[in-house]
Amino acid sequence: MPSSSPSTTAATSSTSPARNSSGPAATSPHAYDAGLLLLRLVLGLTMAAHGSQKLFGWFGGGGIDGTGHFFTMSGYPAGNAMAVVAGLTELLGGLGLAVGLLTPLAGAAVVGTMVNAIAVTWGGGFFAPKGNEYELLLTAGAAALALTGPGRYAVDRFLPVLKAHRLAYGVAAVLVGLATAGVILLLRK
């Protein structure tokens, strides 16, 4: 009678392809994580650059005074204060996404800011230069990262609470971002 020793079982299972789904082959977890890393870096650094435009005037930005004037013209009260809030939210949320630190909250920060940006560009059509497809894409990317989590190549992997990302964290964070955006929009004239 043949025995099924652990060495026989291990040898047999190592020669057969791993299948985690009903499809022909499972997706490599490293491919998934590398894709999330790329998305986090591009989206996060883009948002951080936008925040530095508002706060410091870098990359051709208006700085606090120029951005504050824009906020005032767009109907927001206390334009300079709004410029600081938007700049910090974009800078810190963007850097958080880029390194994968507190990813659901970083995604929520970007979602909240970008919902306000969509409100400002609303009515200009969908496509640039006056449309809002760019803002919509950034919003959707940030929400997707909040929902999926950062992947393995992220600082969150070292935080006990966020080591195992839960969909509930992402949903709650996106809802907080949307609620915060709604409150800010209520202040707008």
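Above: the structure in question.
Rules of the game
- Residues numbered from 1 in each chain as written.
- Predicted model: local features only at pLDDT ≥ 70, side-chain atom pairs only at ≥ 80, totals over all residues.
- Heavy atoms only, no water.
- Helix = DSSP H or I, 4+ residues; strand = E, 2+ residues; numbered from the N terminus.
- Buried < 20%, exposed > 50% of the residue type's maximum accessible area, 1.4 Å probe, protein only.
- Contact = heavy atoms within 4.5 Å.
- Areas by Shrake-Rupley, 256 points an atom, 1.4 Å probe, with all protein chains shown as cover.
- Expected span 1.5 Å × (residues − 1).
- Polar contact = N/O pair within 3.5 Å; in protein donor to acceptor, adjacent residues only side chain to side chain.
- Patch = residues over 30% accessible without salt bridge, like charges linked within 9 Å, V, L, I, M, F, W, Y side chains within 5 Å.
- Salt bridge = Lys/Arg side-chain N within 4 Å of Asp/Glu carboxyl O.
- 1 Å grid on protein atoms, 1.4 Å probe; cavity = no way out; pocket = protein on both sides within 12 Å on 5 of 7 lines; lining within 4 Å.
- Points joined across faces, edges and corners; volume = space filled by probe spheres on them.
- Arc of directions from axis to C-beta.

On to the overall build of the chain, then. Secondary structure summary: the chain contains 7 helices and 0 strands in total. Secondary structure elements of the chain, listed N to C terminal, follow the sequence α-α-α-α-α-α-α. Burial status across the chain gives 34% buried among its 189 residues. Contacts in the chain between residues far apart in sequence, at least 24 positions, make up 64% of those at least 6 positions apart. Approximately 10800 Å² of the chain is accessible, and the part contributed by carbon and sulfur atoms is 73%.

Taking 1.5 Å of rise per residue, the 28 residues of helix H2 (residues 29-56) would be expected to cover 40 Å, and the 39 Å separating its terminal C-alpha atoms lies within 8% of that figure. On its buried face, H2 sits against helix H3 (63-73), helix H4 (79-99), helix H5 (103-121) and helix H6 (133-148). Residue Ser28 occupies the N-cap position of H2, its side-chain oxygen lying 3.2 Å from the main-chain nitrogen of His30. Gly57, located one to two residues past H2, shows a positive phi value of around 75°.

On the surface, Val99, Leu101, Leu102, Leu105, Val155 and Phe158 cluster together to form a nonpolar patch covering roughly 560 Å² of accessible area. Residue placement: Leu105 occurs in helix H5. Relative accessible area serves as the criterion here: at 54%, Leu105 is assigned to the exposed category.

The computed volume of the largest pocket comes to approximately 720 Å³. Forming the boundary of the largest pocket are 33 residues, of which Lys54, Phe71, Ala86, Glu90 and Thr113 lie nearest the centre. For the lining of the largest pocket, the elements supplying multiple residues, two or more each, are H2, H3, H4, H5, H6 and helix H7 (167-187). Here the element with the most residues in the lining of the largest pocket is H5; it accounts for 10 residues.

This brings us to the environment of Ala49. By secondary structure assignment, the location of Ala49 is in helix H2. Sequence-wise, Ala49 and Phe59 are 10 residues apart; in three dimensions their C-alpha atoms are separated by 7.6 Å.

When you line up the elements, Thr113 lands in helix H5. Contacts of Thr113, omitting those with residues within four sequence positions, involve Thr89 and Glu90.

Another point: H3. All of the buried residues along H3 are Gly63, Thr67, Gly68 and Phe71. One side of H3 holds all its buried residues, which, seen down the axis, span an arc of 145°. Turned more than 90 degrees away from the buried face of H3, the exposed residues are Asp65 and Met73. In this structure, the buried side of H3 is in contact with H2 and H4. Once H3 finishes, Gly75 follows within two positions and takes phi at roughly 95°, a positive value.

The quantities given are spatial measurements derived from coordinates; they are silent on function.
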